[in-house]
Number of protein chains: 2
Amino acid sequence: MNCVLVGAGRLGTCLGLALKACGHEVSQVYSRTEESACALADLLGTEAAFGSPDRIRRDAELYILAVKDDALPALIPQVAAGREDALLVHTSGSMPLNLFAEAGVKRGGVLYPMQTFSKGRDVNFNDLPIFVEAMHEEDEQLLKTLAATLSRQVYVLSSEARRRLHLSAVFACNFANHCYALAARELEKCGLPFDVLLPLIDETAGKVHTLSPHQAQTGPAVRFDEGVMQKHLELLHDEPLAAQIYELMSRSIHAEAGRADTDTEPCNP
Amino acid sequence: MNCVLVGAGRLGTCLGLALKACGHEVSQVYSRTEESACALADLLGTEAAFGSPDRIRRDAELYILAVKDDALPALIPQVAAGREDALLVHTSGSMPLNLFAEAGVKRGGVLYPMQTFSKGRDVNFNDLPIFVEAMHEEDEQLLKTLAATLSRQVYVLSSEARRRLHLSAVFACNFANHCYALAARELEKCGLPFDVLLPLIDETAGKVHTLSPHQAQTGPAVRFDEGVMQKHLELLHDEPLAAQIYELMSRSIHAEAGRADTDTEPCNP
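Residues numbered from 1 in each chain as written. Chains lettered and ligands numbered in written order. Predicted model: local features only at pLDDT ≥ 70, side-chain atom pairs only at ≥ 80, totals over all residues. Heavy atoms only, no water.

A.B. asks: Could you clarify how one ought to interpret the pattern of salt bridges in this entry?
C.D. replies: Summed over the entire model, instances satisfying the criterion amount to 32 salt bridges over all chains. Glutamate 186 of chain A is the partner of arginine 164 of chain B in a salt bridge, and the nearest nitrogen-oxygen pair spans 2.5 Å. Of the two residues, arginine 164 of chain B sits in helix H6 (residues 159-189) while glutamate 186 of chain A sits in helix H6 (residues 159-189), which places them in two different chains. One salt bridge in this structure joins arginine 57 of chain B and aspartate 59 of chain B, with 2.7 Å as the shortest N-O distance. You can call arginine 57 of chain B partly exposed: its relative accessible area is 26%. Under the relative-accessibility criterion, aspartate 59 of chain B is labelled partly exposed at 47%. What emerges from the salt-bridge pattern is a single network uniting Arg164, Glu256 and Arg259 of chain A together with Arg185, Glu186, Lys189, Asp238 and Glu239 of chain B. (Salt bridge = Lys/Arg side-chain N within 4 Å of Asp/Glu carboxyl O. Helix = DSSP H or I, 4+ residues; strand = E, 2+ residues; numbered from the N terminus. Buried < 20%, exposed > 50% of the residue type's maximum accessible area, 1.4 Å probe, protein only.)

A.B. asks: Please explain the sheet that holds strand S1 (residues 2-6) of chain B as it appears in this structure.
C.D. replies: What links the strands of a sheet is backbone hydrogen bonding, and the strands pair in either a parallel or an antiparallel sense. Residue and element names in this part refer to chain B. The strand order S3-S2-S1-S4-S5-S6-S7-S8 describes an open sheet built from eight strands, whose pairing is mixed. On the outer flanks of this sheet lie strand S3 (47-50) and strand S8 (154-156), each paired with one strand and no other. Going from strand to strand, the sheet's axes swing by 25 degrees on average, the running direction of each strand aside. Examined bridge by bridge, strand S2 (residues 25-31) and S3 share four bridges and lie parallel to one another. Bridge assignment links valine 29 to a residue of S3, and that residue is alanine 48. Here helix H1 (residues 10-21) sits on the sheet in contact with S1, S2, strand S4 (62-65) and strand S6 (108-113), set at roughly 165 degrees to S1. Running at roughly 165 degrees to strand S7 (residues 130-134), helix H5 (residues 137-150) makes contact with S4, strand S5 (87-90), S6, S7 and S8 of the sheet. (Pairing = 2+ DSSP bridges. Axes fitted to C-alpha atoms, helices over the stretch in contact; angles between N-to-C directions. Contact = heavy atoms within 4.5 Å.)

A.B. asks: Looking at this model, I keep getting lost on the packing of aromatic side chains. Mind explaining?
C.D. replies: The description of two aromatic rings rests on the distance between their centres and on the angle between their planes. Per the stated rule, a full pass over the model turns up twelve aromatic pairs over all chains. When the ring of tyrosine 246 of chain A is compared with that of phenylalanine 171 of chain B, the centres are 6.2 Å apart and the planes differ by 70 degrees; the resulting orientation is edge-to-face. Here the residue tyrosine 246 of chain A occupies a position in helix H10 (residues 240-258), and phenylalanine 171 of chain B occupies one in helix H6, the pair thus bridging two chains. For the residue pair tyrosine 246 of chain A and phenylalanine 171 of chain B, the accessibility class agrees, reading buried in each case. Put simply, the rings of Tyr112, Phe131 and Tyr155 of chain A touch in pairs and so form one group of aromatic residues. (Phe/Tyr/Trp six-rings, centres within 6.5 Å; stacked < 30°, edge-to-face > 60°.)

A.B. asks: What's the story with the relation of the copies chain A and chain B in this structure? I'm lost.
C.D. replies: Both copies of the chain are related through a single rotation about an axis accompanied by a shift along the same axis. With an RMSD of 0.0 Å, the fit of chain A onto chain B corresponds to turning through 180 degrees and sliding 0.0 Å along the axis. Put plainly, the chains are arranged around a two-fold axis. Looking at the rotation axis and the C-alpha trace of chain A, the residue lying nearest is alanine 176 of chain A, at 2.3 Å. Of the interface residues in chain A, 100% have counterparts in chain B that sit at the interface too, so the contact is made through matching surfaces. (Least-squares fit on C-alpha atoms with pLDDT ≥ 70 in both.)

A.B. asks: Before we go on, may I ask you to explain the sheet that holds strand S7 (residues 130-134) of chain A in this structure?
C.D. replies: Residues and elements named next belong to chain A. Strand order in this open sheet of eight strands is S3-S2-S1-S4-S5-S6-S7-S8, and the pairing throughout is mixed. The sheet terminates laterally at strand S3 (47-50) and strand S8 (154-156), the two strands that pair on one side only. The average undirected angle you get between the axes of adjacent strands in this sheet is 25 degrees. The pairing of strand S4 (residues 62-65) with strand S5 (residues 87-90) spans four bridges and is classified as parallel. Looking across to S5, one finds that leucine 65 is bridged to histidine 90. Here helix H2 (residues 34-44) sits on the sheet and contacts strand S1 (2-6), strand S2 (25-31) and S3; the angle it forms with S3, its principal contact strand, is near 165 degrees.

A.B. asks: Can you walk me through the interface of chain A and chain B in this structure?
C.D. replies: Where interface size is given, it is often the accessible area lost as the parts come together that is meant. Taken together, the 96 residues of chain A in the interface contact 96 residues of chain B. Together, the buried faces of chain A and chain B total about 9300 Å²; carbon and sulfur atoms form 66% of this surface. It is Arg121, Arg164 and Phe171 of chain A that lose the most area in chain A upon contact with chain B, and together they represent 8% of the buried surface on that side. Here chain A is connected to chain B by eight salt bridges. Residues arginine 121 of chain B and glutamate 203 of chain A are paired through a salt bridge, measuring 3.0 Å at the closest nitrogen-oxygen approach. Where the side of chain A that touches chain B is concerned, the elements lending two or more residues are H6, helix H7 (198-207), helix H8 (213-216), helix H9 (226-235) and H10 of chain A. Per element, the largest residue contribution to the side of chain A that touches chain B is 28 residues, and it comes from H6 of chain A. In terms of residue class, the side of chain A that touches chain B is built from 53 nonpolar, 23 polar and 20 charged. (Buried area = accessible area lost by both parts, 1.4 Å probe. Nonpolar A, V, L, I, M, F, W, Y, C, P; charged D, E, K, R; others polar.)

A.B. asks: Is there a simple way to explain the state of the cysteines in this structure?
C.D. replies: Working definition of a disulfide: a covalent bond connecting the sulfur atoms of two cysteines. Counted by the stated rule, this structure contains zero disulfides over all chains. Here cysteine 14 of chain A is not cross-linked by a disulfide; its sulfur's nearest cysteine counterpart is in cysteine 22 of chain A, at 13 Å. Judged by its relative accessible area of 10%, cysteine 14 of chain A is buried. The closest cysteine sulfur to the non-disulfide-bonded cysteine 3 of chain B is located on cysteine 22 of chain B, 11 Å from its own sulfur. (Disulfide = S-S within 2.5 Å.)

A.B. asks: Would you take a moment to explain the pairing of S7 of chain B for this structure?
C.D. replies: Residue and element names in this part refer to chain B. Most of S7 sits out of view: five of its five residues are buried. Side chains of S7 alternate between two faces, with Ile130, Val132 and Ala134 and Phe131 and Glu133 buried alike. In the sheet, S6 pairs with S7 via five bridges, with the strands oriented antiparallel. The partner of valine 110 across the bridge, within S7, is glutamate 133. As paired elements, S7 and S8 share three bridges and run parallel to each other. Bridge assignment links valine 132 to a residue of S8, and that residue is valine 156.

This is the structure we're talking about:
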C-alpha cells in the first residue's frame, strides 16, 4: 500500500519502521521541521517533506497522521485539500473519528496502536493490539487488512469505546509509570539504586499475565494495616502530593479487595 | 545451615523452596494449621509441626519467621523460649530489628527478600534483592553469607532505611498493580479482554530497565492536556475514588515533569 507518513515523532518513527518491515511503501515522510522529516526519511529510505503541508505528495492512497492530538484539527483540512480521494487516518487513542467529517473529509479513519513510545525503544508491532475505525465499511476493511499485516491483534472499535480504552491505558501505563517515579524518589532517599526495584516491577507486570489484578494485589492496603500505613505516611511528611496519593490508593485498594473478583478465571491461562 | 521455617504462607513456601534448592537443610516447617504445615513440609521433604509453638524443634541454628507482620510481636518470645542460643530472623519489610531486643532475644536479625509473592507463581530468588540486618556483626555476616547463596543481590540495610525501601515497594508494586485493576475495570466496560493491555504493561515495566521513570513518562498528564483529561474524568463520573486518583496522579505527573531529572544516565544501560 502506497502511503505517506505525516509526523515523524516517536510513534511516527516506530510505525514507519513497522510499515517498511512489512513491505509497505512509505513514499514520503512529512514533518514541520526539516531535521525530523529527514531523520525518519533516511531511516525509511524515502523522500522527506517539511515546512508547509502543501509539500505533501498528492498521489498516495493513504495518509497516516501520526501527530499530537491537538495538532489534528488544524492539520486534517490541510492534508485533505487537493487529496479528496485519499483515505486519511489518525493514530490517536482519544480523538474521535468525526474530526474528519467535521473537516469535510470524505474518507477518514483511525489506526490506533496501543503502546507507549519512547525514544530509543524499539517496539514490536507484532504483539501489539491495533484498534481501527473508519467512516466507510470498505475503508474499515482496508484498515483491518493493513493492521493485520502489522499485528496479530486487530480490533474494530468505536470512538467512544476507544476513548475508554485510552483511559484504561492511562491507568495501566502512565499512572503505573508514575508509581515507579514515586518509588524512585523514596529509594534515592535511602541511597539505593533504582535497579533494586526491577525484579519487583517485572514480577508485578508478569503476575497479571496469569492472575487478574484483583487476584494479584498484595501489600498493607489490602488488609488495611493501619500500623504500617501510618508509618509510611510519616515518611512522606515532606511530600504532600505523594502522601495524598498514598492515602487515596490505599483506600481504593481496600475497596477493590472488598469487591467480588469478576475474573473467575485467570485472564491468560 | 540447619534451619526451621516458621510460617508456611506464600513467602514461607517460596523461601523454603529456594533454601532447599541451594542445599540448605530445612529441618522442620511450623505453621499454626496442620494443613499448611504439612503441605509445605511435603514439598520440602521435611518434618511438619503445627498447633502450639512448643512443638517447634529446639536444635536448629536458625529460625526464620516468615509470618504476617502483626503476628511477629507475639510469636517472637514463643519461638525464643528454650532456644536462647539460636538466631531468630524475620522476613518483613516494615518491622524493625528491635522487635527482638524488646522481646529479650539475644540474637535477632532480618532477612527481607523484596518481592511480591502470590499463590501459583514461582519466584526466582537468584535475581531478587535480599536485605539483611542483625543485632551482632557475626550474625550479620552469617545472614549475608546465607543470602548470597540464594541471590546475587545482597544488601545490609538498617531498619529505618528498610522501612523507606518498603514504602517504595508499595508504590512500585502494590500501587502499580492497583493501576492495572482500575484499568481492568474500565476495559470491562467497553467489552475488551484484559489481555489487550499486556503489551502496554510489559513495555511500561520494560522501559524503566533502560530509562529512568522520569524519562519514560508519557501521556496526557505530562503536558497537562486538559481537553483529554476532562473527557476522561467524565467517563469516571460513576467512580468517585478512581476519578480522585485520576486527578491527583495527573497533578503529580505534571509536577514531576517540571522537576529536573536527577537520573542523567539511564539507570541500567
